[in-house]
Structures are given as C-alpha cells and as structure tokens.
Amino acid sequence: MSNYHIKHLEEYYQVYRKSVRNPEAFWEEIAEEHFVWRKKWDKVLSWDFSKPEIKWFEGAKLNITENCIDRHLPTRGEKTAILFEPNDPDEEAQRITYRQLHERVCRMANVLKDHGVKKGDRVCIYLPMIPELAISLLACARIGAIHSVVFAGFSSNALATRINDSDCKVVLTSDGSYRGSKTIDLKGIVDKALEECPGVHTVLVANRINGKVEMKEGRDKWLQPLLDEAYADCVAEIMNAEDPLFILYTSGSTGRPKGMVHTTAGYMVYTAYTFKNTFQYREEDVYWCTADIGWITGHSYIVYGPLANGATTVMFEGVPSYPDFGRFWQVVQKHKVNQFYTAPTAIRALAKENLDFIDKYDLSSLKVLGLVGEPINEEAWHWYNNNVGKKMSPIVDTWWQTETGGIMITPIPYVTPTTPTYATLPFIGIQPALMDEEGKEIKGNQVSGRLCIKFPWPSIARTIWGDHNRYRDTYFSAYKNMYFTGDGALRDAVGYYRITGRVDDVIIVSGHNLGTAPIEDSINEHPAVAESAIVGFPHDIKGNALYGYVILKEFGETRDRENLRKEINQQITEHIGPIAKLDKIQFVTGLPKTRSGKIMRRILRKIASKDISNLGDTSTLLNPEVVEEIIENSL
Ligand code: PRX
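Residues numbered from 1 in each chain as written. Predicted model: local features only at pLDDT ≥ 70, side-chain atom pairs only at ≥ 80, totals over all residues.

## Topic: the environment of Pro 128
Now for step 1: Here Pro 128 shows up in the loop between strand 6 (122-126) and helix 6 (131-143).
Now for step 2: For Pro 128, a count of 25 C-beta atoms within 10 Å gives the class buried.
Now for step 3: Between the C-alpha atom of Pro 128 and that of Asp 175, which follows or precedes it by 47 residues, the distance is 10 Å.
Now for step 4: Not counting the four nearest positions on each side in its chain, Pro 128 is found in contact with Leu 133, Ala 152, Ser 174, Ser 177, Leu 186, Arg 208 and Glu 317. (Helix = DSSP H or I, 4+ residues; strand = E, 2+ residues; numbered from the N terminus. Buried ≥ 20, exposed ≤ 12 C-beta atoms within 10 Å, placed from the backbone. Contact = placed C-beta atoms within 7 Å.)

Listed below in structure tokens is the structure:
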C-alpha cells in the first residue's frame with residue numbers, strides 16, 4: 001500500500017529503486033491494489049522498442065469508467081467529481097457529484113449507442129470546456145469507442161483533417177462557445193469542416209450559447225432532448241488492457257498531424273498514480289488544472305487521473321484575462337483550490353500585470369503549484385513562487401509529452417527540494433538517459449544531451465493512428481532501444497534534470513551548443529522585457545548566429561532601442577558568456593504562437609534567415625497578423 005503515496009525523499013529513492021530494478025513486480029503491485037479489474041492480466045509487460053511493440057497488463061479486462069466513476073459510488077457518491085466554473089463569473093458554478101456523473105455519462109453513452117457507435121469506432125469531440133466535454137470522453141470509454149478530441153480553437157481545416165485521418169462518423173459539438181468577452185460559432189466551423197468529411201453521418205449539438213445555428217436535416221441533432229430521453233444506466237463494455245482508449249493529435253509542427261494512440265490499462269494506472277503523487281492529492285482537496293481538455297494535460301490531469309483517484313476536479317471555461325487579470329485568483333479563492341496546475345505562458349502573461357490583481361484575493365488554500373508545457377524562465381518561476389505561492393507552496397515543474405501520456409520528470413511536492421527551472425527527478429518507474437550525437441549514453445552528472453527514455457512505462461503511446469512506421473521512425477530510430485523525446489536536457493551536479501527545449505531549437509554557434517531557453521531566460525530578466533524568442537540564422541564565420549525577437553513591457557517602449565540592445569547583450573554575456581550574444585535584436589509586438597501557446601520558431605527562423613518565400617501554413621496560428629509585422633521590420 002505504502003508505495004502508492006510517496007511522502008518523503010528517502011521513500012522516493014527507495015520506491016524509485018524498486019521500480020527500476022523490477023518494473024513488472026512494481027507496476028503489478030500498484031495495479032493490483034488500486035484499481036478494479038474484471039479479469040487480472042496474464043503478463044505484466046512485453047516490449048520491443050525495435051518494432052516498436054509495447055504491451056502492459058496483457059490479458060486483463062476492465063473498463064476505465066468503472067475505475068473513474070462506479071467504484072466511487074458507495075463511498076463518494078455525493079462528493080463533487082467535476083466542479084464547473086463558467087466563463088462568466090456571474091453565472092453559477094455547477095457541482096457534479098460522482099453519482100450525477102455516473103448518470104450523465106450513462107445517458108450520453110446510450111445516446112452514442114443509439115446513433116450506431118460501437119466498440120472500436122472513433123468519435124470526434126469538438127466541444128468547449130463545458131461539462132459535456134468531460135462527460136463525452138467518459139461516455140466513449142464506457143462503450144469502448146475511441147475518442148478523438150480536437151481542441152475547440154482549431155480551424156475547420158484542422159478539424160476536417162483530423163476527422164478524416166481517424167475516420168470518425170459521429171461528431172459531438174456545441175452551438176458555440178464563450179471565451180472571455182467573445183462568443184465563437186463552433187457549429188459553423190464544424191459545418192465548414194464537414195464539407196470535406198463525407199464519412200460523418202451524425203452531429204450531436206450541445207446548447208451552450210442559445211445560438212442560432214443551421215441544423216442539417218438527418219445529420220444534426222440537439223443533444224439535450226436525446227439525453228433527457230436516454231436510459232440513465234449503461235452497462236460498461238468490457239475492454240482488453242491494450243484496446244485503444246483515445247487518439248489525440250499532437251499540435252502542428254510540420255506535415256500531417258500525428259494521431260497518438262493511447263490504450264486503456266497502462267494509461268489508467270500511470271495517470272492515476274502520477275496524479276496522486278505529483279499533486280499530493282488528499283481526499284478533501286479541490287484540484288484545478290487550467291488546461292483545456294483538448295490537450296493531453298486535460299485528458300490525463302483534468303479527467304482520467306483525478307477521477308481515478310476520486311478527486312474533485314475543476315473545469316474552467318474561461319480565460320485568465322476575463323473579466324480581468326485577477327480571474328484565476330478569484331476562482332482559487334472562490335473554490336478554495338488546493339492544487340493549481342497551469343502553463344508558464346499564462347504565468348508570464350499574468351506577471352506583466354499589476355500585483356493588485358493577486359493581492360486582493362485570499363490564496364491561502366493553495367498547497368501545490370504546478371507547471372507544464374514548456375520551459376519556465378527563472379523570473380517567471382520566482383514571480384509564481386513569491387506572489388502566488390507566497391513561498392509556501394512548492395512548485396512542481398512537470399515535464400512530459402502527448403506521447404508519454406503522463407508526467408515523466410517532476411518534483412514531488414513536500415518531498416523533492418525544488419530548484420527554479422528544473423523539472424528535477426524522474427518520476428517512479430521512469431529511466432531517463434542523456435545521449436550524445438553519436439548515439440552513446442552520457443553518464444554521470446553535470447552533463448547535457450538528448451533526452452531519451454530507456455524502458456517502457458505504462459502510459460507510453462502505442463502507435464500513431466494509421467502509421468506505425470512513422471511512429472517507429474519518429475521516436476525509436478534515432479537511438480537503438482530508446483524512446484527519443486526530441487528534447488534536450490541537462491543533468492546537474494545532484495542529478496536534477498533541466499529541460500533545455502526541443503533539440504531542434506538548439507543552435508550551434510561557433511561549435512558551441514546553445515539552448516534557446518537559457519538565453520531567453522536571461523533576456524527576459526531584463527526589466528524592460530516581457531518575452532523573447534531566439535533562433536539561429538546562417539553566419540559566414542560562426543556557422544550560426546543568434547537572432548532575437550523581443551517584446552518590450554509597456555514602459556520599455558519609450559527606451560532608446562540601441563541602448564536596450566546593448567543592455568540585453570550585456571546581460572546575456574553575464575549570464576551565459578559572450579558566445580551567446582545576439583547578432584540581431586528585433587523589437588516586436590507579438591510572437592507567432594500556436595493555439596496551445598507555443599512559439600512557432602520555424603517561422604521566426606525563416607524570417608531571420610531572410611527566407612520568407614515559403615513560410616508554410618500560418619492559418620493555424622493564434623495571431624497570424626503578427627507575422628507580417630515581423631517581416632516588415634526584420635533586420
Ligand atoms: O519540449 C517539451 C515541452 O513540451 C513538449 C511536449 O509538448 P506536448 O506534447 O504538447 O505536451 C505538453 C503537455 C504535456 C515537450 O517535448 N515541455 C512540456 N513540459 C515541459 C516542457 N518543457 C520544459 N519543461 C516542462 N515542464
């Protein structure tokens with residue numbers, strides 16, 4: 001029992017050693033003691049990274065919703081499972097108990113069945129952050145259908161590509177969505193997408209905004225009347241451990257999106273176990289992850305991980321800046337949130353604003369602060385620690401990926417001493433390795449290299465939907481018998497990991513490896529700087545030189561640009577060394593970002609290299625308009 005909840009550092013090391021010495025025995029014990037199975041496994045693990053083929057808990061039978069809902073009913077039936085906080089602070093929050101969740105999931109499952117959805121079928125979910133979103137994931141899982149959630153900020157093109165790639169016949173959506181002061185016509189986007197998707201026969205539409213929408217005869221139906229009529233119980237489909245649970249597309253780099261496939265048992269065990277420990281969740285706690293369920297963070301740490309632990313999980317429909325920049329903190333105070341999990345990009349945006357937005361709220365309920373998605377810079381880390389956590393709540397900087405399904409490297413709060421910008425130690429069962437470019441493992445400490453994982457963990461993605469070769473080539477061919485993450489990392493003197501960014505973002509200048517993250521870190525510490533991005537561009541002597549795009553804070557706008565350039569380079573010289581100085585610094589008003597908030601460096605690299613003939617598709621950007629401005633003023 002004790003292994004499920006790590007409480008001090010010695011115990012972490014002890015359990016970690018056990019988990020890597022005999023992974024099968026370790027995970028078997030966790031699976032056995034903390035989940036309900038219709039049938040136990042015949043074999044805990046079989047794997048071969050060269051194919052690659054990975055199977056956990058083979059032969060076991062289960063339904064993940066019995067673990068996330070049914071088993072809690074006798075003891076937690078009246079406990080809030082999902083706490084829905086609407087976009088508009090004046091609209092009442094909704095508390096959905098485990099008992100109500102059971103009923104709503106069953107009704108939704110029956111509606112899907114009535115529309116011909118069977119085990120193994122793919123269902124596309126294009127919904128905003130309303131309860132129906134979480135409920136429809138679970139309803140698919142209830143009947144063994146494979147959900148494919150598409151973030152409801154994607155364009156109709158992106159939606160159509162994803163619907164067709166996984167051959168979805170049914171789409172769940174809403175008439176529209178609220179996002180801050182805006183309403184978005186989701187149904188219109190679906191209609192446009194479906195012009196390219198002849199395979200879709202049914203569209204089920206939730207009413208969120210009382211919008212006037214066109215309903216296509218025979219295809220489109222309002223969801224609520226169907227739910228009202230549906231039977232309130234639905235027997236769970238018995239699934240095999242390795243049956244796919246969902247497909248989730250990774251956010252667009254180049255080429256076709258990759259539909260990562262996650263399977264049932266291993267994903268459940270790993271997300272539940274990481275949730276419990278990474279957030280030190282206790283029975284009465286209120287946990288809030290601000291991500292959208294359209295991303296892996298929402299799948300694993302709003303829905304499955306928390307619910308498998310019988311937790312209360314907040315679902316927030318809104319944005320951090322509406323009605324003002326105090327919205328996150330107002331919600332923390334209102335629901336007495338204990339664990340708060342967000343992205344560095346949100347922290348950086350909020351750190352630009354006045355502290356009054358924080359100081360007027362009581363944040364004393366907070367016990368753990370989480371981060372995920374990108375490297376955090378030191379200044380933002382301290383801002384979060386000082387102003388949100390009041391130096392009392394440990395920050396867990398969690399490194400992981402859509403492909404890993406769950407958190408891989410992270411401090412355990414109140415257990416692992418934290419260091420700003422470090423994800424610190426591998427989670428239980430995770431065996432990281434740093435590799436050099438020749439394919440050799442770099443042992444010891446105070447080293448850096450390419451981050452790989454040597455041994456399978458239960459929630460690793462099993463394939464790319466419809467393209468197993470691409471799965472092998474992308475993740476298992478760079479290094480023999482290793483999963484390659486695509487990230488660079490360093491391991492410091494005490495063995496802590498710091499993720500330095502995608503390996504493709506590492507720039508080699510005069511033979512020196514320079515990570516963009518530490519340079520940006522350094523620039524961002526300049527008091528006049530709000531945000532920055534560094535890319536490489538070809539240079540006659542150095543091979544590559546550095547080009548910086550810098551957003552100034554409002555007061556910085558009035559400063560002399562040449563002086564600012566000097567000061568920034570002076571600062572980099574001090575933090576990293578003269579080798580990391582920027583050859584060019586362009587001041588910009590925004591950086592091109594994907595809808596998940598990641599900077600599109602590919603575009604910046606092209607502009608810096610004066611190669612703007614083929615910038616690729618910029619339509620999926622959050623702010624395509626900024627690209628023109630950057631081109632116009634480029635140096
Ligand atoms: O580069 C790493 C970065 O985000 C990538 C994975 O992105 P995605 O699949 O969208 O999943 C994001 C949510 C899990 C990684 O390869 N990344 C994620 N978390 C961190 C991070 N970089 C630094 N620190 C993190 N904590």
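Back to the text.
## Topic: the site of the ligand
Now for step 1: Surveying the vicinity of the ligand reveals 21 residues, the closest of which are Pro 375, Trp 399, Gln 401, Thr 402 and Ile 499.
Now for step 2: Counting only elements with at least two residues in the shell around the ligand, the list comes to helix 11 (296-308), strand 19 (368-372), strand 20 (395-398), strand 24 (483-491) and strand 25 (497-502).
Now for step 3: With 3 residues, the single largest contributor to the shell around the ligand is strand 24.
Now for step 4: Split into classes, the residues belonging to the shell around the ligand amount to 8 nonpolar, 9 polar and 4 charged. (Near = placed C-beta within 6 Å. Nonpolar A, V, L, I, M, F, W, Y, C, P; charged D, E, K, R; others polar.)

## Considerations on the pairing of strand 24
Now for step 1: Two elements, strand 22 (residues 447-453) and strand 24, share 6 bridges in a ladder whose sense is antiparallel. Considered in strand 24, the bridge of Ile 453 is made with Tyr 483.
Now for step 2: Sheet topology note: the strand 24/strand 25 ladder contains 5 bridges and is antiparallel. The residue bridging Asp 487 from the neighbouring strand is Arg 502, located in strand 25.
Now for step 3: The antiparallel hairpin formed by strand 24 and strand 25 contains 5 residues in its connecting segment, where Gly 495 sits at a positive phi of about 90°. (Pairing = 2+ DSSP bridges.)

## Considering the sheet that holds strand 25
Now for step 1: Ordered by their spatial adjacency, 4 strands build an open sheet running 21-22-24-25, and the pairing between neighbours is antiparallel. Unpaired on one side and paired on the other, strand 21 (432-435) and strand 25 mark the two borders of the sheet. Mean inter-strand twist for the sheet, computed between neighbouring axes without regard to direction, equals 45°. (Axes fitted to C-alpha atoms, helices over the stretch in contact; angles between N-to-C directions.)

## As for the nonpolar core
Now for step 1: Grouped together as the largest cluster of nonpolar side chains are 163 residues, with contacts concentrated most on Leu 112, Val 123, Tyr 126, Leu 159 and Val 171.
Now for step 2: When residues in this core are grouped by element, the largest group, 9 residues, is from helix 6. (Core = buried A, V, L, I, M, F, W, Y, C linked by C-beta atoms within 7 Å.)

## Let's talk about the packing of helix 5 (residues 98-114) against helix 6
Now for step 1: Taken N-terminus to C-terminus, the directions of helix 5 and helix 6 make an angle of 65°; their axes are 8 Å apart at the nearest point. Of the two possible hands of crossing, helix 5 and helix 6 adopt the one that is right-handed. Within the contact between the two elements, helix 5 uses Arg 104, Val 105, Cys 106, Met 108, Ala 109, Leu 112 and Lys 113 and helix 6 uses Ile 135, Ser 136, Leu 138, Ala 139, Cys 140, Arg 142 and Ile 143.
Now for step 2: For the contact of helix 5 with helix 6, the per-class residue count stands at 10 nonpolar, 1 polar and 3 charged. (Left-handed = near helix turned anticlockwise from the far one by under 90°.)

## A look at the sheet that holds strand 17 (residues 312-316)
Now for step 1: As summarised here, the arrangement of the 7 strands in space is 5-4-17-16-18-19-20, forming an open sheet in which the pairing is mixed. Among the strands making up the open sheet, the edge pair consists of strand 5 (94-97) and strand 20. Adjacent strand axes in the sheet meet at a mean angle of 20° when their direction is disregarded.
Now for step 2: Strands strand 4 (80-85), strand 16 (286-289), strand 17, strand 18 (339-342) and strand 19 of the sheet are contacted by helix 11, whose axis makes an angle of about 165° with strand 16.

## Description of helix 15 (residues 378-388)
Within an α-helix, residues lying three or four positions from one another point in the same direction, as the helix has 3.6 residues per turn.
Now for step 1: For helix 15, the set of buried residues is Glu 379, Ala 380, Trp 381, Tyr 384 and Val 388.
Now for step 2: The inward-facing, buried residues of helix 15 contact helix 13 (344-351), helix 14 (356-359), strand 19, strand 20 and helix 17 (516-524).
Now for step 3: Within two residues after helix 15, Lys 390 carries a phi angle of roughly 50°, on the positive side.

## Some thoughts on the pairing of strand 22
Now for step 1: Judged by how many residues are buried, strand 22 sits mostly within the fold: 5 of 7 residues are covered.
Now for step 2: Inspection of the sheet shows strand 21 paired to strand 22 by 4 bridges, in the antiparallel sense. The partner of Met 435 across the bridge, within strand 22, is Arg 450.

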